[in-house]
Amino acid sequence: MMVPFRRKKSNKQFPVKVCTFDSELEFHLEHRATGRYLFELICRTIGLRETWYFGLQFEDSKGNLSWLKMDKKVQDQSVHMTNGSCMFIFLAKFFPENVAEELVQEVTQHLFFLQIKQAILSMDVYCPPEASVLLASYAVQAKYGDYDEAVCKPGMLISENLLPQRVIDQYQMTPQMWEERIKTWYADHRGMSRDEAEMEYLKIAQDLDMFGVNYFPITNKKNTEVWLGVTALGLNIYNKENKLLPVTTFQWNEILHISFDDRKFVVKTNDSKSPKPVIFYSQKLRINKLILDLCVGNHDLYMKRRKPDTMEIQQMKAQAKEEKQRRQVERNKLTREKQLREAAEREKAAMEQRLMQLQEEMRAANEALHRSEEAAELLAEKNRLAEEEAMLLSHKAQEVEQEINRMRMTARKTEEEKMYLERKTQEAELLTARMMEESRKRALEADKLKNELIHARVAEKEAKEKLLNFLSRTSTESILITPSSSPESPMHEMHSYDLLADGDMEQLSLEIEKERVEYLAKSKQVQNQLKELRSEIEQLKIGENQCPLDDINAEQLRLGETKYSTLKKVKSGSTKARVAFFEELEPEESIV
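- By the naming in an unreviewed UniProt entry, the protein goes by Moesin/ezrin/radixin homolog 1 and is assigned to Anopheles gambiae.

Here you go:
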């Protein structure tokens with residue numbers, strides 16, 4: 001019996017690697033998997049819900065960077081294989097107009113923070129030196145938390161990649177000098193959490209002229225090379241040597257139609273003073289495709305921001321608000337516990353110092369007692385010697401008295417001997433008187449020494465009683481150091497997703513206006529800090545290392561212009577600028 005041939009089932013999956021700025025993800029997809037399936041799989045893996053900002057960038061088989069199309073299969077898009085895997089980079093494709101109001105999720109803020117930080121450090125986005133130092137201080141706060149002198153030792157930040165190399169090369173400053181200036185601002189951020197530090201970083205970065213701008217080299221009818229910048233607000237035109245100040249701009253609300261035919265790109269506006277369509281030429285067809293893709297996506301987000309929030313966004317904002325409140329409560333609890341722990345440590349140190357002081361007092365009391373005992377022993381020895389000497393004098397006095405008595409008995413025998421004896425007796429009596437006087441003095445001295453001995457024993461007794469009282473008082477003191485904590489009642493999780501009513505919208509508007517006023521005050525303070533640092537490091541600048549963008553930025557600072565004032569000025573004079581820029585062009589029909 002013949003066994004039918006069965007073909008071995010082939011492996012219908014292929015490996016995919018996706019890189020973000022802080023992780024690398026690996027997946028195995030089926031051959032029919034589309035770009036949308038892979039993109040949604042990545043978003044679910046990292047917990048991202050604000051998906052409309054991001055995309056997957058890859059290098060195609062020709063070495064060009066492209067964005068993965070969502071509706072096509074992954075394997076049909078000529079993805080370059082590296083080590084047998086399809087490599088993608090998860091990047092922000094579109095940028096918000098206001099990061100504080102539009103970015104809701106913490107993971108979204110973190111991804112934008114990492115991408116903008118890398119763009120500034122790699123010098124893809126121009127950042128002035130003083131703003132670079134301020135941004136570096138927020139980056140350090142986000143990475144290490146609050147400034148601590150015991151942890152942040154000199155030289156710790158030197159090894160970190162915190163400043164663009166262009167900024168370092170422009171000044172005669174050592175790494176230690178840069179580190180000190182970063183630490184000065186880093187110490188001011190105490191109490192700021194990681195997400196707050198990253199948001200402050202993004203608030204400052206969004207004011208940079210090159211923030212969120214995708215540049216493309218284009219030419220006009222006369223083959224003049226310029227830059228086309230696609231932004232969240234519209235299209236900007238820049239001179240070839242200046243990517244900071246746009247020559248003219250087209251906002252999305254004044255663009256009626258955009259299209260391309262091969263390398264020709266057409267922009268039709270609603271400006272009655274300039275009815276002709278604006279036509280550019282790109283180097284390759286794929287560049288026009290990429291420009292159109294970015295224009296469509298940015299225009300959709302531009303219109304979406306000007307409509308009421310969808311239910312999904314309202315739910316995300318409500319959840320983000322609850323999460324922020326919960327973290328604030330936890331942060332306050334941790335702060336209180338930290339304060340209590342520090343207070344307990346200070347109390348422990350004070351009690352240890354008090355214990356050392358008491359031990360020193362006890363040692364001094366023991367030494368005083370020892371000296372008192374030695375003085376008492378010395379006085380006792382002196383008293384014993386005085387008593388022995390007094391007894392010896394007393395014996396001598398008795399012997400002399402016996403001799404006098406014997407001499408008196410002998411004096412009776414003869415008269416002659418009587419006078420002799422009287423004289424001898426007088427002499428003996430004088431000697432006896434002197435010896436009695438000396439004996440009396442010795443007795444008085446002995447009494448005095450005895451009184452001193454009595455006083456010394458009384459002092460010794462008082463010292464012993466004082467020592468016993470001190471030891472008994474010290475033994476009764478108890479030194480208990482227990483970290484106190486104030487238990488907090490657990491936060492009740494909120495699962496309510498109510499929509500905002502009209503009254504809530506009015507209240508929300510008031511809150512937004514209040515936050516805007518606070519932000520403007522804080523922004524003014526930051527600008528003053530930046531001005532101080534700029535004037536401080538101005539003397540150390542190396543002139544030959546300045547790039548053209550630095551000169552343009554210095555001229556803007558001298559004129560007091562910012563990114564937004566420039567855009568406003570360009571917009572107000574947009575008609576004249578367009579006529580001046582495109583007066584060389586011939587009439588051309590729009591391709592609809």
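Details of the overall build of the protein
Then step 1. Counting its regular elements, the protein contains 14 helices and 13 strands.
Then step 2. By sequence separation, contacts in the protein at least 24 residues apart represent 67% of the contacts at least 6 residues apart.
Then step 3. When the accessible surface of the protein is split by element, carbon and sulfur atoms take 53% of a total near 36900 Å².

Topic: the sheet that holds strand E13 (residues 278-282)
Then step 1. On the basis of which strands lie adjacent, the open sheet formed by seven strands has the order E10-E9-E8-E7-E13-E12-E11 and antiparallel pairing. Bordering the open sheet on either side are strand E10 (246-251) and strand E11 (255-261), each of which pairs with just one other strand. Here the average twist between neighbouring strands, direction ignored, is 30°.
Then step 2. Relative to E13, strand E7 (residues 214-219) is paired through two bridges, and the arrangement is antiparallel. Bridging from a neighbouring strand, Ile218 pairs with Ser282 of E13.

What about the side chain of Asn220?
Then step 1. Along the chain, the position of Asn220 falls in the loop between E7 and strand E8 (225-230).
Then step 2. Among the polar contacts made by the side chain of Asn220, one reaches the main-chain amide nitrogen of Lys222 at a distance of 3.2 Å.

A few points about the pairing of E10
Remember that side chains alternate between the two faces of the sheet whenever the strand is regular.
Then step 1. Among the six residues of E10, five are classified as buried, and the element is accordingly described as predominantly covered.
Then step 2. Relative to E10, strand E9 (residues 234-239) runs antiparallel, the two being bridged by five bridges. Considered in E10, the bridge of Gly234 is made with Gln251.
Then step 3. Counted between consecutive antiparallel strands, the loop separating E9 from E10 contains six residues.

Brief notes about the pairing of E11
Then step 1. Bridging between E11 and strand E12 (residues 264-269) involves six bridges; their strand directions are antiparallel. Bridge pairing in E12 links Asp261 to Lys264.
Then step 2. Linkage of E11 to E12, two consecutive antiparallel strands, is achieved through a turn of two residues, within which Asp262 is found at a positive phi near 60°.

Details of the nonpolar core
Then step 1. Ranked by internal contacts, the top residues of the largest apolar core, which has 103 residues, are Leu38, Phe88 and Phe90.
Then step 2. In terms of residue count, the dominant contributor to this core is helix H4 (residues 129-144) (nine residues).

Here we look at the UniProt feature "binding site: a 1,2-diacyl-sn-glycero-3-phospho-(1D-myo-inositol)" (unreviewed entry) in the protein
Then step 1. Those residues carrying the UniProt feature "binding site: a 1,2-diacyl-sn-glycero-3-phospho-(1D-myo-inositol)" (unreviewed entry) are Lys69, Met70, Asp71, Lys72 and Lys289 in this numbering.
Then step 2. Turning to its location among the elements, Lys69 is positioned in the loop between strand E4 (65-67) and strand E5 (81-82).
Then step 3. Beyond its immediate chain neighbours, meaning those up to four positions away, Lys69 contacts Gly35 and Gln77.
Then step 4. Not counting the four nearest positions on each side in its chain, Lys72 is found in contact with Thr34, Gly35 and Gln77.

Thoughts on the pattern of salt bridges
Then step 1. On inspection of all chains with the given rule, the structure shows 22 salt bridges.
Then step 2. A salt bridge links Asp309 to Lys317, with the shortest nitrogen-to-oxygen separation between them at 2.7 Å.
Then step 3. Overall, Lys317 belongs to the partly exposed group, its relative accessible area being 32%.
Then step 4. Glu437 is the salt-bridge partner of Arg440, the closest N and O atoms lying 2.2 Å from each other. Here Arg440 pairs with Glu437, and both are found in helix H10 (residues 415-476), just three residues apart, close to one helical turn.
Then step 5. Overall, Arg440 belongs to the partly exposed group, its relative accessible area being 44%.
Then step 6. On the accessibility criterion, Glu437 (31% relative accessible area) is partly exposed.
Then step 7. Residues participating in the shared-partner salt-bridge network are Glu106, Arg194, Glu198, Glu323, Arg326, Arg327 and Glu330.

Considerations on the environment of Phe280
Then step 1. One can find Phe280 in strand E13.
Then step 2. Looking at Phe280, the relative accessible area reads 2%, which means it is buried.
Then step 3. As a C-alpha pair, Phe280 and Asn220 span 60 residues in sequence and 5.1 Å in three-dimensional space.

Thoughts on unusual backbone geometry
If a residue is not glycine, its phi is most likely negative; likewise, a peptide bond is most likely trans.
Then step 1. Not every positive phi belongs to a glycine, and Asn83 is a case in point at roughly 55°.
Then step 2. On the basis of relative accessibility, which here comes to 76%, the residue Asn83 falls in the exposed class.
Then step 3. Of note, Asn223 is a non-glycine position whose phi angle comes to about 65°, a positive value.
Then step 4. Along the chain, Asn223 turns up in the loop between E7 and E8.

Some details on the confidence of the model for the protein
Then step 1. Looking at the protein, pLDDT values average 80 and 83% of them are 70 or higher.
Then step 2. Here helix H14 (residues 574-582) stands out as the least confident element of the protein, with mean pLDDT 50; helix H3 (residues 106-121) is the most confident, with 93.
Then step 3. This stretch, residues 477-502, has a pLDDT under 50; its non-local contacts, to residues over four places away or in other chains, come to 23 contacts.

Some words on the packing of aromatic side chains
Then step 1. Per the stated rule, a full pass over the model turns up 13 aromatic pairs.
Then step 2. With centroids separated by 5.8 Å and ring planes inclined at 80°, the aromatic side chains of Tyr171 and Trp178 adopt a geometry described as edge-to-face. The same class applies to Tyr171 and to Trp178, which are both buried.
Then step 3. Taken together, the ring pairs connect Phe39, Trp52, Tyr53, Phe54, Phe90, Phe95, Phe112 and Phe211 into an aromatic cluster.
Then step 4. Over the face of the ring belonging to Trp227 we find Lys243, whose NZ or CZ atom lies 4.1 Å from the ring centre.
Then step 5. Its end group placed over the ring of Tyr302, Arg306 keeps NZ or CZ at 3.6 Å from the ring centre.

Considering the environment of Glu180
Then step 1. Its place among the elements puts Glu180 in helix H6 (residues 175-186).
Then step 2. In sequence terms Glu180 and Pro154 are 26 residues apart; their C-alpha atoms lie 8.6 Å from each other.

Looking at helix H7 (residues 194-205)
Then step 1. Along its 12 residues, H7 runs 16 Å from first to last C-alpha, staying within 8% of the 16 Å computed at 1.5 Å per residue.
Then step 2. In terms of residue burial, H7 counts as a mostly covered element, since 10 of its 12 residues are buried.
Then step 3. Considered for burial, the residues of H7 that qualify are Asp195, Ala197, Glu198, Met199, Glu200, Tyr201, Leu202, Lys203, Ile204 and Ala205.

Considerations on the environment of Ala131
Then step 1. Its location among the elements puts Ala131 in helix H4.
Then step 2. Residues Ala131 and Gln529 lie 398 residues apart in sequence; the distance between their C-alpha atoms is 9.6 Å.

Describing the packing of H4 against H6
Then step 1. Put simply, H4 and H6 touch, their axes get as near as 8 Å, and they point 65° apart. In this structure, the crossing between H4 and H6 has a hand that is right-handed. Taking contact as the criterion, the partners of Glu130, Val133, Leu134, Ala136, Ser137, Val140, Gln141 and Tyr144 in H4 are, on H6, Trp178, Arg181, Ile182, Trp185 and Tyr186.
Then step 2. A breakdown of the residues in the contact of H4 with H6 according to their chemical character gives nine nonpolar, two polar and two charged.

Rules of the game
Residues numbered from 1 in each chain as written. Predicted model: local features only at pLDDT ≥ 70, side-chain atom pairs only at ≥ 80, totals over all residues. Heavy atoms only, no water. Helix = DSSP H or I, 4+ residues; strand = E, 2+ residues; numbered from the N terminus. Contact = heavy atoms within 4.5 Å. Areas by Shrake-Rupley, 256 points an atom, 1.4 Å probe, with all protein chains shown as cover. Pairing = 2+ DSSP bridges. Axes fitted to C-alpha atoms, helices over the stretch in contact; angles between N-to-C directions. Polar contact = N/O pair within 3.5 Å; in protein donor to acceptor, adjacent residues only side chain to side chain. Buried < 20%, exposed > 50% of the residue type's maximum accessible area, 1.4 Å probe, protein only. Core = buried A, V, L, I, M, F, W, Y, C linked by side-chain atoms within 4.5 Å. UniProt positions renumbered as here; feature names shortened; annotations may be inferred. Salt bridge = Lys/Arg side-chain N within 4 Å of Asp/Glu carboxyl O. pLDDT = per-residue confidence, 0-100. Phe/Tyr/Trp six-rings, centres within 6.5 Å; stacked < 30°, edge-to-face > 60°. Lys NZ or Arg CZ within 6 Å of the ring centre and 35° of its normal. Expected span 1.5 Å × (residues − 1). Left-handed = near helix turned anticlockwise from the far one by under 90°. Nonpolar A, V, L, I, M, F, W, Y, C, P; charged D, E, K, R; others polar.

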